[in-house]
Amino acid sequence: MQFNDVIGQQTLKDNLVRMADNGRVGHALLFTGKEGTGALPLALAFARYLNCAHPQNGDSCGSCASCLQMEQLAHPDVHFVFPVNKSKSAEPVGGADGDKPVSDQFIGKWRAQVGKTDPKGYFHEQDWYRTIEIDNKQGNISRQEADRIIRKLSLKAFQSRYKILIVWLPERMNDQAANALLKILEEPWEQTVFLLVSESPGRLLKTILSRTQEIGVPAIAAEDLSRWLQEHRQLSEEQAARLARISFGNVLEALRLLASGDSEDGHFDRFVQLMRLSYEDKHMQLLEWAEGVAALNRENQKTFLENTVRLLRDAYMLSMGVDQVAYLYGKELDFCQKFSPFVHNRNIEALHIETQRAAADIVRNGNPKIIFTHYALTVSKLITRLK
């Protein structure tokens with residue numbers, strides 16, 4: 001992963017290159033940004049640049065021994081930590097503590113995940129969990145992982161200037177792991193750089209935040225994302241510009257919207273089914289719908305509710321006649337144009353509140369069958385055509 005592989009973000013690239021060239025690299029950088037904006041690709045490109053033997057033109061050379069190793073994510077001085085859980089596909093590793101899974105057991109899958117995605121390095125957290133086959137379990141970073149980090153970083157660098165630790169989603173650390181990481185952030189080894197990549201920095205310990213230099217990764221500029229879509233997805237200028245606008249600078253969302261134009265999308269289909277059953281008052285089928293959604297894992301349930309908030313909001317925009325701020329595409333646009341008369345001033349606030357309440361209950365580990373049964377029946381009462 002080179003800076004050239006990162007979509008847009010030229011200002012951040014220039015700042016990182018300047019930081020490295022001037023020898024003013026902080027010992028702990030925290031890249032913060034939503035999935036699909038490029039926080040992980042930027043961290044990977046920066047790690048490669050730091051140890052490149054012959055950087056040139058604002059990027060790593062791509063041909064030195066360090067660059068070739070980083071291309072395979074197999075550099076002996078660059079270590080990776082990411083959320084994992086028990087899985088039948090975990091590889092055995094030497095020196096593992098206890099029975100808690102650690103990142104080294106999944107490093108082969110990590111290399112494949114980063115390398116196989118298009119664009120490279122851009123993927124959802126749930127994509128990773130599907131890759132490592134942890135079923136409905138939540139990924140986490142354990143104290144055993146932190147102990148292994150300490151042992152690795154206490155050794156001298158094998159061949160490069162910097163020892164680098166890249167932690168993807170540090171918010172998934174449990175309290176013991178977070179406190180262990182805090183200790184080494186307070187007393188770092190020389191020539192050791194920590195690159196943390198977070199999508200939810202508010203969930204990190206304040207003491208960790210205070211010991212890191214935040215690198216905020218904004219949404220990809222619309223013109224940069226539009227250009228990438230034209231070059232890599234062969235879209236027309238008009239199509240690419242529209243997708244870039246309605247995806248709010250998130251390449252993963254842009255690709256999802258593009259796919260939704262000619263393929264099935266599970267969450268969208270569930271939304272359509274819920275709304276059709278609601279305005280047709282088919283309560284028995286709504287109970288069956290609730291059972292189906294309750295059978296999903298919690299992350300998918302949360303994603304469904306997040307998408308529902310977005311789709312209700314955009315259907316309301318269409319209902320109010322302000323199509324220019326309705327960020328829909330393909331099948332979503334077709335359905336919401338027909339559905340919009342059922343979302344209006346009399347019910348949009350209540351629909352939003354009920355959806356947010358259901359999401360909060362799921363986060364608090366409530367019984368999903370009860371939550372979605374109540375939610376479906378409540379929505380059915382609220383969905384009415386404005387007369």
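Residues numbered from 1 in each chain as written. Predicted model: local features only at pLDDT ≥ 70, side-chain atom pairs only at ≥ 80, totals over all residues. Heavy atoms only, no water.

S.K.: How would you sum up the overall build of the protein chain? Please name residues and give values.
M.R.: Looking only at helices and strands, one finds 17 helices and five strands in the protein chain. Computed over C-alpha atoms, the radius of gyration of the protein chain comes to 23 Å, within 12% of the 21 Å expected from 2.2 N^0.38 for 387 residues, which places it in the range of a compact globule. With respect to the principal axes defined by its C-alpha atoms, the protein chain has extents near 70 × 50 × 35 Å. Of all intrachain contacts in the protein chain linking residues separated by at least 6 positions in sequence, the fraction that spans at least 24 positions is 74%. On the protein chain, roughly 18200 Å² of surface is accessible, and the fraction owed to carbon and sulfur atoms is 48%. Taking the average location of the 47 positive side-chain charges in the protein chain and that of its 48 negative ones, the two points are 3 Å from each other. (Helix = DSSP H or I, 4+ residues; strand = E, 2+ residues; numbered from the N terminus. Rg over C-alpha atoms; globule rule 2.2 N^0.38 Å. Contact = heavy atoms within 4.5 Å. Areas by Shrake-Rupley, 256 points an atom, 1.4 Å probe, with all protein chains shown as cover. Lys, Arg positive; Asp, Glu negative; His and termini not counted. Charge placed at Lys NZ, Arg CZ, Asp CG, Glu CD.)

S.K.: Provide a residue-level description of the nonpolar core, including the pertinent values.
M.R.: Where a protein is soluble and globular, its nonpolar side chains tend to be buried together. Judged by nonpolar contacts, the single largest core of 64 residues is most densely connected at Phe-31, Phe-46 and Trp-110. Counting residues per element, this core draws most heavily on helix H2 (residues 39–51), which supplies ten residues. Apart from residues lying up to four places away in sequence, Phe-31 is in contact with Leu-16, Ala-39, Leu-42, Ala-43, Phe-46, Leu-195, Leu-196, Val-197, Ser-198, Ile-215 and Val-217. If you look at the next biggest cluster of nonpolar residues, it comprises 37 residues, including Leu-305, Leu-328, Ala-358 and Ala-376. (Core = buried A, V, L, I, M, F, W, Y, C linked by side-chain atoms within 4.5 Å. Buried < 20%, exposed > 50% of the residue type's maximum accessible area, 1.4 Å probe, protein only.)

S.K.: Could you give me a rundown of the pairing of strand E2 (residues 78–81), with the residues and numbers involved?
M.R.: Walk down a regular strand and you will see the side chains alternate between the two sheet faces. In E2, alternate side chains face the same way, and those of Val-78 and Phe-80 on one face and His-79 and Val-81 on the other are all buried. Pairing geometry for E2 and strand E3 (residues 163–168), over four bridges, is parallel. When the bridges of E3 are listed, Phe-80 appears paired with Ile-166. (Pairing = 2+ DSSP bridges.)

S.K.: Any chance you could break down the packing of helix H1 (residues 10–21) against H2 for me, citing the residues and the numbers?
M.R.: Between H1 and H2, the shortest axis-to-axis distance is 10 Å and the interhelical angle comes to 30 degrees. With respect to H2, the axis of H1 lies roughly parallel. In this structure, the crossing between H1 and H2 has a hand that is right-handed. Across the interface between the two elements, Leu-12, Lys-13, Leu-16, Val-17, Met-19, Ala-20 and Asp-21 from H1 touch Leu-42, Phe-46, Tyr-49 and Leu-50 from H2. (Axes fitted to C-alpha atoms, helices over the stretch in contact; angles between N-to-C directions. Parallel < 35°, antiparallel > 145°, perpendicular 65-115°, else oblique. Left-handed = near helix turned anticlockwise from the far one by under 90°.)

S.K.: Explain the pattern of salt bridges to me, and be specific about the residues and the numbers.
M.R.: Here the structure, examined in full by the defined rule, presents 18 salt bridges. The partner of Arg-256 in a salt bridge is Glu-332, with the nearest N and O atoms 3.0 Å apart. On the criterion of sequence distance, the pair formed by Arg-256 in helix H11 (residues 251–260) and Glu-332 in helix H15 (residues 330–339) is long-range, its members being 76 residues apart. The residues Arg-256 and Glu-332 share a single accessibility class, namely buried. Of the charged contacts in the structure, one is a salt bridge between Lys-282 and Glu-280, with a shortest N-O distance of 3.2 Å. (Salt bridge = Lys/Arg side-chain N within 4 Å of Asp/Glu carboxyl O.)

S.K.: Let's hear about the packing of aromatic side chains: which residues, and what values?
M.R.: The relation between two aromatic rings is expressed through the spacing of the ring centres and the mutual angle of the planes. Following the criterion strictly, the structure yields 17 aromatic pairs and no others. Between the aromatic rings of Trp-110 and Phe-123, the centroid separation amounts to 6.0 Å while the plane-to-plane angle is 80 degrees, which identifies the pairing as edge-to-face. Taken as a pair, Trp-110 in helix H4 (residues 107–116) and Phe-123 in the loop between H4 and helix H5 (125–132) lie far apart in primary sequence, 13 residues in all. By relative accessible area, Phe-123 is classed as buried at 5%. Note on Phe-271 and Phe-339: the rings are 6.0 Å apart at their centroids and 85 degrees apart in plane angle, and the pair reads as edge-to-face. Of the two residues, Phe-271 is situated in helix H12 (residues 266–279) and Phe-339 in helix H15; the sequence distance between them amounts to 68 residues. (Phe/Tyr/Trp six-rings, centres within 6.5 Å; stacked < 30°, edge-to-face > 60°.)

S.K.: Lay out empty space enclosed by the protein with the relevant residues and their values.
M.R.: Scanning the entire structure with this criterion turns up two cavities of 30 Å³ or more. Estimates place the volume of the largest cavity at around 90 Å³. In this structure, the largest cavity is lined by 14 residues; those nearest its centre are Glu-35, Gly-36, Leu-40, Pro-41 and Glu-199. For the lining of the largest cavity, the class distribution of residues is seven nonpolar, five polar and two charged. By volume, the second largest cavity is sized at about 30 Å³. Lining the second largest cavity, in full, are Ile-141, Ala-146, Ile-149, Val-167, Met-173, Ala-177 and Leu-181. When residues of the lining of the second largest cavity are traced back to their parent elements, those giving at least two are helix H6 (143–153) and helix H7 (175–186). Along the lines of polarity and charge, the residues of the lining of the second largest cavity split into seven nonpolar, no polar and no charged. (1 Å grid on protein atoms, 1.4 Å probe; cavity = no way out; pocket = protein on both sides within 12 Å on 5 of 7 lines; lining within 4 Å. Points joined across faces, edges and corners; volume = space filled by probe spheres on them. Nonpolar A, V, L, I, M, F, W, Y, C, P; charged D, E, K, R; others polar.)

S.K.: I'd like a description of the layout of surface pockets, backed by residues and values.
M.R.: In this model, the second largest pocket occupies a volume close to 280 Å³. Every residue lining the second largest pocket is counted, 15 residues in all, and those nearest its centre are Asn-4, Val-6, Ile-7, Trp-228 and His-232. Looking at the lining of the second largest pocket, the elements that each hand over two or more residues are H1 and helix H9 (222–233).

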